[in-house]
Amino acid sequence: MTLTKTRISSDWPCQVKTPGSYDWERSAAKWLRELVPARYASYPALLRHPVLLARHAQIQVQNEVRVARTALQTARADLPRLGLPESVIEHTIKMYAAEVMQLQHIARSVRAVTQALVEQSSGR
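Quick caveat: nothing in here was measured; it's all calculated off a predicted structure.

So, the overall build of the chain: which residues are in play, and what are the values?
Of regular secondary structure, the chain possesses 4 helices and 0 strands. From first element to last, N terminus to C terminus, the chain shows the α and β order α-α-α-α. At 18 Å, the chain has a C-alpha radius of gyration far larger than the 14 Å of a compact globule built from 124 residues. Taking the principal axes of the C-alpha coordinates as reference, the chain spans close to 60 × 30 × 20 Å. The buried share among the 124 residues of the chain stands at 35%.

As structure tokens, then:
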């Protein structure tokens, strides 16, 4: 087991063990698989190479952030045309804003895990 110099930040996901600890890469891969569409989670290359899985998760989350931002930015103009009441529109805007914040946190977490995986694989 190779210890890594990665520091655990507040963005480190609680579902992933500390880098260098027993089975930490497996916990990282399990967490990362939850972030990608299910069909990707079974591809052999992504199963064998956690760094590749981390890269895909980064792309996936970045796109989800873009989608949530677009939904937030266009909600006030688009949702009234759908006939939704103002209370639903306001709730939806708050929901999208919260989702953007959550996804940004997940993106930082994925970057931290990716960095640790890269350091682990380059230390082998």
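Talk me through the pattern of salt bridges; I want residue IDs and the actual numbers.
Per the stated rule, a full pass over the model turns up 5 salt bridges. Between R108 and D11 there is a salt bridge whose closest N-O contact spans 3.2 Å. In this pair, R108 sits in helix 4 (residues 86-122) while D11 sits in the segment before helix 1 (24-33), placing the two residues 97 residues apart along the sequence. Relative accessible area serves as the criterion here: at 34%, R108 is assigned to the partly exposed category. According to the relative accessible area criterion, D11 is buried, its value standing at 16%.

Can you tell me about unusual backbone geometry, naming the residues and giving the values?
Although it is not a glycine, D23 sits at a positive phi angle of roughly 65°. Tracing the backbone shows D23 in the segment before helix 1. On the accessibility criterion, D23 (28% relative accessible area) is partly exposed.

Break down the packing of helix 1 against helix 3 (residues 50-78) for me, with residues and values.
At their nearest, the axes of helix 1 and helix 3 sit 10 Å apart, and the two run at 30° to each other. The orientation of helix 1 with respect to helix 3, classified from their angle, is roughly parallel. As for the relative orientation of helix 1 and helix 3, their crossing is left-handed in sense. Taking contact as the criterion, the partners of A29, L32 and R33 in helix 1 are, on helix 3, P50, L53, A54 and A57. Class assignment for the residues of the contact of helix 1 with helix 3 results in 6 nonpolar, no polar and 1 charged.

Please give an account of the nonpolar core that cites residues and values.
Among the nonpolar cores identified, the biggest contains 25 residues, and L32, V110 and V113 are the most heavily contacted of them. Among the elements that line this core, the one with the most residues is helix 4, at 9 residues. Not counting residues within four places of it along the chain, the set of residues in contact with L32 comprises P50, L53, A54, A57, V110, V113 and L117.

Hey, could you go over the packing of helix 1 against helix 4 for me, with residue numbers and the actual values?
Two measures define how a pair of helices packs: the angle their axes make with one another and the distance between the axes. Relative to each other, helix 1 and helix 4 sit at 145°, their axes nearing to 11 Å. For the crossing formed where helix 1 meets helix 4, the hand is left-handed. Along its contact with helix 1, which presents W24, E25, A28, W31 and L32, the element helix 4 presents I106, S109, V110, V113, A116, L117 and Q120.

So what about helix 3? Which residues, and what values?
Taking 1.5 Å of rise per residue, 29 residues should cover 42 Å, and helix 3 covers 40 Å from first to last C-alpha, within 8% of that figure. If you look at helix 3, its biggest bend is around 30°, right at L72. Within helix 3, burial applies to P50, L53, A54, H56, A57, V61, V65, A68, A71 and A75. In the core, the buried residues of helix 3 are packed alongside helix 1, helix 2 (44-48) and helix 4.

About the cut-offs
Residues numbered from 1 in each chain as written. Predicted model: local features only at pLDDT ≥ 70, side-chain atom pairs only at ≥ 80, totals over all residues. Heavy atoms only, no water. Helix = DSSP H or I, 4+ residues; strand = E, 2+ residues; numbered from the N terminus. Rg over C-alpha atoms; globule rule 2.2 N^0.38 Å. Buried < 20%, exposed > 50% of the residue type's maximum accessible area, 1.4 Å probe, protein only. Salt bridge = Lys/Arg side-chain N within 4 Å of Asp/Glu carboxyl O. Axes fitted to C-alpha atoms, helices over the stretch in contact; angles between N-to-C directions. Parallel < 35°, antiparallel > 145°, perpendicular 65-115°, else oblique. Left-handed = near helix turned anticlockwise from the far one by under 90°. Contact = heavy atoms within 4.5 Å. Nonpolar A, V, L, I, M, F, W, Y, C, P; charged D, E, K, R; others polar. Core = buried A, V, L, I, M, F, W, Y, C linked by side-chain atoms within 4.5 Å. Expected span 1.5 Å × (residues − 1). Bend = angle between axes of the 7 residues up to and from the residue.

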